Amino acid sequence: MKKSWNVHQDLNYIVRAERCEKDGCILESQKLYEEGINKLRNSLKECINPSNQEFYKTKLKQFEQKAHMLNKHIEKAITKSQLVEQVFIPQDVRGHSFRKIFERFLNESVAEVHIYEPFMEIEQHFKNLVCFIEVLVKSCPNLQFIRLITKRDPRLTSHQLRIFQGLKGDLASGGVSFNHQFNSTVRESKIMFNNGMIIKSSRGLHIYHIQSSPYRLGSFDYDFLQCLKTEIRIYRTIPFRYSFNETDEELD
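Residues numbered from 1 in each chain as written. Predicted model: local features only at pLDDT ≥ 70, side-chain atom pairs only at ≥ 80, totals over all residues. Heavy atoms only, no water.

Let's talk about the overall build of the chain
Counting its secondary structure elements, the chain contains eight helices and seven strands. The C-alpha radius of gyration of the chain comes to 20 Å, within 12% of the 18 Å expected for a compact globule of 252 residues. Judged by the C-alpha coordinates and their principal axes, the chain covers about 65 × 45 × 30 Å. Within the chain, the fraction of its 252 residues that count as buried is 46%. (Helix = DSSP H or I, 4+ residues; strand = E, 2+ residues; numbered from the N terminus. Rg over C-alpha atoms; globule rule 2.2 N^0.38 Å. Buried < 20%, exposed > 50% of the residue type's maximum accessible area, 1.4 Å probe, protein only.)

Brief notes about the pairing of strand 5 (residues 190-193)
Of the two faces of strand 5, the one holding K190 and M192 and the one holding I191 and F193 are both buried throughout. When strand 2 (residues 112-116) meets strand 5, the two strands line up antiparallel, connected through four bridges. What sits directly across from I115, in strand 5, is I191. Sheet analysis places strand 5 next to strand 6 (residues 197-201), joined by three bridges and oriented antiparallel. Across the sheet, residue M192 finds its bridge partner in strand 6, namely I198. Taking the residues that link successive antiparallel strands as the turn, the strand 5-strand 6 hairpin has three residues, and the phi of G196 there is positive, at about 100 degrees. (Pairing = 2+ DSSP bridges.)

Concerning the UniProt feature "domain: MITD1 C-terminal phospholipase D-like" (unreviewed entry) in the chain
The UniProt record marks residues 95-236 with the feature "domain: MITD1 C-terminal phospholipase D-like" (unreviewed entry), using the residue numbering of this structure. Within residues 95-236, the helical portion is 27% and the strand portion 23%, while the C-alpha atoms at the span's ends are 25 Å from each other. (UniProt positions renumbered as here; feature names shortened; annotations may be inferred.)

Take a look at the structure:
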């Protein structure tokens, strides 16, 4: 059975993408265009009305061109990024909470944060994510968007979704939008900030030993957690909020 044609629902992602782009939130705009284009492609496959098919084709072409421009814009900025610092965390040391690692990069210039974290599978992974988001919210007064890009775990997809939906509701109550995207091809752990900082960790957010009990030091204050051996590389590029022309001129 073909689905009913609902243009407003299908274009919702695109409307949000255009609003983000207008507000200078380029990272989130890129992802919303990507998701909206996939929605339109699926609708085109299922649409049997010729006039509606033509509408979808026209819109698809228009939005694909815009998404291509955004992708080139972001890829060029990433390519031009420069390594500014390396941090080596030895095995079993304490005192490296997310707050201490990241707070010097977190300020009023941060509006978007995209977290590429391939593995969100066990409870410690989800605790690490929540702890990091708490640091973001407390340190970035102008934060608007947080997006998690991770792999779907077929064994516990419903558990992943339940946690992500809970985070989405909690953050929305404070005026921050949280979105997640399942991507089976994500391999590299990295965190991208709209102010041009890109942070790559050899272990992603999962740099701590797993706690054997919820009643051990470190359960709430991550400065008490023992770390795994980790390398963190910090890159800087031009803030992603700039327009295409401005950014291209500075990167060339």
